[in-house]
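# Overview (structure and organization)
Below are the chains, spelled out letter by letter.
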Amino acid sequence: MIKNLIVLSLGSALINNVVLSQFLGLCPFLGVSKKVKTALGMGGAVIFVITLASIVTGLIYKGLLVTFDLTYLKTIVFILVIAALVQFVEMFLKRFVPSLYSALGVYLPLITTNCAVLGIAITNVQKDYSILEGTVNGFATAVGFTIAIVILAGIREKMQYNDIPKAFRGMPIVLVSAGLMAIAFCGFAGLL
Amino acid sequence: MNFSAILTPLIVMLGLGLFVGVFLGIAGIAFKVKVDEKEEAVLKALPGNNCGGCGFPGCAGLAHAIAQGEAPVNQCPVGGEPVADAIAAIMGTTAEKTEKMVAFVACKAHCDDMTMDYDYYGVEDCRMLSFVPNGGPKSCNDGCLGFGTCMKTCPFDAIHVVDGVAVVDRDKCKACGKCIEVCPKHLISLVPYSAQYLVACSSQQKGPVTMKQCKVGCIGCGICAKNCPLEAVKVENFNATIDFSVCKNCGTCAEKCPRKTIVKQY
């Protein structure tokens, strides 16, 4: 059981990395990866929300949608639930953990539009994970996202001092680096 | 017709939506963060244009900073003294007197006053003209381009292009500084409202060059500086500047200026 979960989390964190091999959540991956510090903040917020969303969407899918035979409504229900959840988490943090709230700042509401969250919820359903497996999968995927965004942020910080050809400056070189990272992450494929 | 196939999802979705709505509504009330009363009062006293002239993100940002004591009560350039006094009353302090400032365009060359190098037909935005030869069709490279980027930016309808040159409506201007940011020629600056005599030229060309290009440009002759009884006028880089802290608005400079570049405000 535990071995299964470890294999599952390694698989979703490194091998099927959410950004580098599934191409989900590219917007924050490119948008918030200018500095390692903000990348870490975004990563933290994503871990927090995806883990919670995996639990809640798992419960709603198994408890509500399957019971009423409405599984075809999963996309719209998940969107609704995730948006509400992010809102609630924001309110909760603002009231009880203001320091974390101000640390996560604008990234928290931004996650509503992060397709990785919805992607994980739907992957959990498609692969027929139990709620525990789904939660672990969500957490590990979010950790994979954090790893990818922090590495890219580190590369971008270093890249500022490089003499990049004019045509590649800005986003092009970032996309090229992200592509090279994706190729590098292919190396994990033989891990399991 | 299988009605339950429509009704069940309808009810489930409605129920879910209702639950989420009510849940978030209750959570919103239960987790309401107490906003500082002073902050709310200060926000009400502010003009609410959200122009950003104070340097904070909108009026709410300034209200927060004032309530926290991080910004002076007279930070709002738009509200001026009345608002500063109102906020000072809320905060329990007295506002330092601030001098009312207005924007001023340092160019007075109307269409007939200057020579043109060529006709320009293109995008009507001053900032675009840095891409065209010679920085625009006008011979003078330092003067107002007259395409009204400042006019489009002004949130208070206080600056207008009249006969080829931007003119500030001194009573409408709130000194928010938006036009100063967008003017590609850096012609606009904030001057004290009380200053009556201002140099309406920014040309840094030598006298003969300006003489050819513009009928009203400053040629750096220095007559104003010589005649000023208080030595408030200085000529640097072939352009006169008035030190407002010294100037007593006597008007000698404007009288003596051979090009009528120094203008009286009213």
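See the structure printed just above.
The sections below set out a description of the structure shown in this document.

The rules we used
- The residue numbering used here restarts from 1 in each chain and proceeds along that chain's sequence as written.
- All chains are assigned letters beginning with A, and all ligands numbers beginning with 1, in the order in which they are written.
- Whole-chain, interface and lining totals are the exception, using all residues; otherwise, since this is a predicted model, local features are given only for residues with pLDDT of at least 70 and side-chain atom pairs are given and counted only at 80 or more.
- Only DSSP runs of H or I with at least four residues qualify as helices, and only runs of E with at least two residues qualify as strands; both kinds are numbered from the N terminus onward.
- In this scheme the burial state of a residue depends on its C-beta neighbours within 10 Å: 20 or more other such atoms mean buried, 12 or fewer mean exposed, and anything in between means partly exposed; the C-beta positions come from the backbone.
- Contact between residues is assigned whenever the C-beta positions, reconstructed from backbone atoms, fall within 7 Å.
- Each residue gets one of three labels, nonpolar for Ala, Val, Leu, Ile, Met, Phe, Trp, Tyr, Cys and Pro, charged for Asp, Glu, Lys and Arg, and polar for the others, Gly among them.
- Note on terminology: a nonpolar core is a set of buried residues of type Ala, Val, Leu, Ile, Met, Phe, Trp, Tyr or Cys, with members joined through C-beta atoms within 7 Å.
- Segmentation of the chain into domains, including their bounds, is taken from an automatic or database domain assignment.
- Every axis corresponds to a line fitted to the C-alpha atoms, with the helix fit spanning only the stretch in contact, and the corresponding angles, defined between N-to-C directions, vary from 0 to 180 degrees.
- In these notes the angle categories are as follows: under 35 degrees is roughly parallel, over 145 is roughly antiparallel, 65 to 115 is roughly perpendicular, and the rest is oblique.
- For any helix crossing, the convention is left-handed if the near helix is rotated counterclockwise from the far helix by under a right angle, and right-handed if that rotation is clockwise.

## Some details on the overall build of chain A
Scanning chain A from terminus to terminus reveals nine helices and zero strands. Traced from its N-terminal end to its C-terminal end, chain A shows the element sequence α-α-α-α-α-α-α-α-α. Across the 192 residues of chain A, 35% fall into the buried class. Expressed as a percentage of contacts within chain A between residues at least 6 apart in sequence, the contacts between residues at least 24 apart total 80%.

## Concerning the interface of chain B and chain A
Taken together, the twelve residues of chain B in the interface contact 13 residues of chain A. Of the residues in the side of chain B that touches chain A, the class split is nine nonpolar, three polar and no charged.

## A look at the nonpolar core
Grouped together as the largest cluster of nonpolar side chains are 48 residues, with contacts concentrated most on B:A103, B:F104, B:V105, B:C107 and B:V199. Among the secondary structure elements, those contributing two or more residues to this core are β1 (101-105), β3 (165-168), β4 (188-192), β5 (197-199) and β7 (239-242) of chain B. Domain assignment of the residues forming this core places at least three in each of domain 2 (100-192) and domain 3 (195-266) of chain B. Those residues within four positions of B:F104 in sequence are excluded, and the remaining contacts are B:V168, B:I188, B:S189, B:V191 and B:L198. One finds A:A53, A:F78, A:V89 and A:L152 within the second-largest nonpolar core, a separate group that totals 47 residues.

## A short note on the packing of helix α2 (residues 37-45) of chain B against helix α4 (residues 80-91) of chain B
Residue and element names in this part refer to chain B. Between α2 and α4, the shortest axis-to-axis distance is 9 Å and the interhelical angle comes to 165°. Taken together, α2 and α4 sit at an angle that is classed as roughly antiparallel. Relative to α4, α2 is oriented so that their crossing is right-handed. In contact with K38, A41, V42 and A45 of α2, α4 contributes V83, A86, I87, I90 and M91. A per-class count over the contact of α2 with α4 returns eight nonpolar, no polar and one charged.

## Looking at unusual backbone geometry
Residues and elements named next belong to chain B. Its identity is not glycine, yet D163 carries a phi of approximately 50°, on the positive side. With respect to the helices and strands, D163 occurs in the loop between β2 (159-162) and β3. Residue N249 is not a glycine yet carries a positive backbone phi of 60°. One can find N249 in the loop between β7 and α9 (252-256). On the basis of neighbour counts, which here come to 14 C-beta atoms within 10 Å, the residue N249 falls in the partly exposed class.

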